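Descriptive analysis of the structure
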Amino acid sequence: MAQAVLLPLWLVLVLAVLAAWAVLERMLVPGARWFVRQRTNRVIEEINTRLPFELPPFKLTRRQVLIDRLVYDPRVMEAVDAHAREHGMPREVVVARVERYAREIVPAFNAYLYFRVAYWAGRRVARMLYRVRLGYADEDGLAGIERGSTVVFVMNHRSNMDYVLVGYLAAKRAALSYAVGEWARIWPLHMLIRSMGAYFVRRGSGDELYRRVLERYVAMATAAGVTQAVYPEGGLSRDGRLRQPKLGLLDYLVRSWEPRGRDLVFIPVGINYDRVLEDRTLLLDLDPAARRPGRLRTVANTFRFAGRNLLLAARSRWYRFGYACVNFGSPVSMRAYAAEHRVDFAALPREERFAAVEALGRTLMDAVGRTVPVVPVALAATVFARAPRRAWSELELKAELHRLIGELEAAGARIYVPRRDRDYAFTVGLRMLVLRRMVAEDDGGGLFSAREEEMALLRYYANSIAHLLPRAADAASPAEEPAGSPSAA
């Protein structure tokens, strides 16, 4: 017996939405998850057979499991009890706070996103902006790293492009887990960065409880063999020079390292650019009296910058932003270092350990400094920074450039010479300075001189290689203030 049933339109719409939701949840979502999981597993199998440093199980563990392990780690629980007693707080409240810290720190690595999406995007972006070059790599040293070692890439920090550039170039060797600062916590950027395996660090945090949670995460990842990438300088160089290392993360890495376990190997990485996208903004930080642009002005400057480069491209005068070069230096084995210096970081008292970590930090930063590549703009900028009031002919500039290269080679610097042609290196370096109006060319086209109002920017690029020169003080600006204590995160 069939009868028509009349329903209100709103009820029909509600039933339709519920039916669509049931189909989505019971059929489409499980199928999509199965598809993504299958593709991810294929990527993991391929990567583990191709990469020298395979993905450890820790990196592939579900994020919630890692959070629980971190929150209920015995040393974290000791810190919870001590904090609760000291501040008269209920233990449950302190545990909830620790869980918030753990959720903030622990990444959610996705192998498919890292090696398929991020690698492709990083490669496209890096090559669109720069002529990307791998200048030097100690292949024998890298090949000699004991399999199963925990590898940490130690890098200088020139630009926020460092993350993209090194991640792209190192993807043939390992999946890097970056320590990133507060800038990366912006929604929705933080979700993408976390899925790349990065963990968030509050620089200079005075919260002892937070530092204990961060320390235990770093210790867990190091013990599990997770390949990491750290910037000992703690932030971008403001004047172009290498900064003194901040030793918090380094202290966390070596404090829990067990010499009888897997080796801990540091690989120094040197990065340099013909053009750092944030250069003028970074220089503003050196002048407390300088006027900072507001948000609208910043957006307007960004569009103006993009429009100017599009115009240059339309006139066939856009050469990207020059060369971006990365060098991979000789690995530093902690097992060999500890044996040579007769030091056991875990057994040392606090003050002695800080002194030992400081010595290790200097050793690693010296290795990074020696690895920094010399690029064309840095060469040309050094010539003008050394003689800011002189007008140079093209022939005189070439002669001075050749003399400077000889000076750097004698000091053992790693020089990237495009096309292995020094004259071409001179041409591209000078061209970039002229295009950016840092150097003026007279009307006759015969003499070049530094523009006085751009001397700070010229010194910024000269400072990137100043530490490689015997007369480093000639091109260097005043040193930045010393870093904080090893206890600072």
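So, here's what we can say about the structure. (Residues numbered from 1 in each chain as written. Predicted model: local features only at pLDDT ≥ 70, side-chain atom pairs only at ≥ 80, totals over all residues. Heavy atoms only, no water.)

1. Observations regarding the overall build of the protein chain
Scanning the protein chain from terminus to terminus reveals 19 helices and 13 strands. Per-residue burial over the protein chain gives 48% buried out of 489 residues. Restricting the contact set of the protein chain to residue pairs at least 6 apart, pairs at least 24 apart contribute 76%. (Helix = DSSP H or I, 4+ residues; strand = E, 2+ residues; numbered from the N terminus. Buried < 20%, exposed > 50% of the residue type's maximum accessible area, 1.4 Å probe, protein only. Contact = heavy atoms within 4.5 Å.)

2. Details of helix H15 (residues 350-371)
Taking 1.5 Å per residue, 22 residues should reach 32 Å; H15 reaches 31 Å between its end C-alpha atoms and fits that length. Buried within H15 we find Arg353, Phe354, Ala356, Val357, Leu360, Gly361, Leu364, Met365, Ala367, Val368, Gly369 and Thr371. (Expected span 1.5 Å × (residues − 1).)

3. Notes on the environment of Leu129
Summarising the element assignment, Leu129 is placed in helix H6 (residues 111-129). On the accessibility criterion, Leu129 (16% relative accessible area) is buried. With 195 residues separating them in the primary sequence, Leu129 and Ala324 have C-alpha atoms 9.0 Å apart.

4. With respect to helix H14 (residues 334-341)
Listing the buried residues of H14 in full gives Met334, Tyr337 and Ala338. For H14, the angular spread of the buried residues around the axis is 95 degrees, confining them to a single face. In H14, the exposed residues that point more than 90 degrees away from the buried face are Ala339 and Glu340. Where H14 is buried, its residues meet helix H11 (248-255), strand S6 (264-273), strand S8 (332-333) and H15. Structurally, the start of H14 carries an N-cap: the backbone nitrogen of Arg335 is 3.3 Å from a side-chain oxygen of Ser333. At the C-terminal side of H14, Arg342 shows a positive phi close to 50 degrees. (Arc of directions from axis to C-beta. Polar contact = N/O pair within 3.5 Å; in protein donor to acceptor, adjacent residues only side chain to side chain.)

5. Structural notes on the nonpolar core
Among the nonpolar cores identified, the biggest contains 86 residues, and Leu165, Leu176, Tyr178, Phe328, Phe384, Leu408 and Leu458 are the most heavily contacted of them. Broken down by element, the residue count for this core peaks at eight residues, all from helix H16 (residues 376-386). Leaving out residues up to four positions away in the same chain, Leu176 has contacts with Lys59, Tyr114, Phe153, Val166, Gly167, Ala170, Met196, Thr227 and Ala229. Listed in part, the 52 residues of the second largest apolar core include Leu66, Val218, Met220 and Val254. (Core = buried A, V, L, I, M, F, W, Y, C linked by side-chain atoms within 4.5 Å.)

6. Observations regarding a nonpolar patch on the surface
Taken together, the side chains of Leu7, Leu9, Trp10, Val12, Leu13, Val14, Leu15 and Leu18 present a nonpolar region at the surface, about 810 Å² in accessible area. Assignment of secondary structure puts Trp10 in helix H1 (residues 9-50). (Patch = residues over 30% accessible without salt bridge, like charges linked within 9 Å, V, L, I, M, F, W, Y side chains within 5 Å. Areas by Shrake-Rupley, 256 points an atom, 1.4 Å probe, with all protein chains shown as cover. Salt bridge = Lys/Arg side-chain N within 4 Å of Asp/Glu carboxyl O.)

7. Points about the packing of aromatic side chains
The tally for this structure, following the rule as stated, stands at 14 aromatic pairs. Geometrically, the ring pair formed by Phe109 and Tyr114 is tilted, given 5.6 Å between the ring centres and 50 degrees between the ring planes. Taken as a pair, Phe109 and Tyr114 share a single burial class, namely buried. Taken together, the ring pairs connect Phe58, Tyr199 and Tyr217 into an aromatic cluster. Above the face of the Phe109 ring, Lys59 is positioned so that its terminal group lies 4.6 Å from the ring centre. Its guanidinium or amino end placed over the ring of Trp392, Arg390 lies 3.8 Å from that ring's centre, counting from NZ or CZ. (Phe/Tyr/Trp six-rings, centres within 6.5 Å; stacked < 30°, edge-to-face > 60°. Lys NZ or Arg CZ within 6 Å of the ring centre and 35° of its normal.)

8. Description of the side chain of Glu400
Along the chain, Glu400 turns up in helix H17 (residues 394-410). Aside from chain neighbours lying at most four places away, what touches Glu400 is Val383, Arg386 and Trp392.

9. Points about the side chain of Asp263
The residue Asp263 is located in the loop between H11 and S6 in this model. Within the structure, Asp263 has its side chain in polar contact with the side chain of Ser333 (distance 2.6 Å). For Asp263, the side chain forms a polar contact with the main-chain nitrogen of Arg335, separated by 3.1 Å. The residues contacting Asp263, other than those within four sequence positions of it, are Ser149, Thr150, Trp257, Ser333, Met334 and Arg335.

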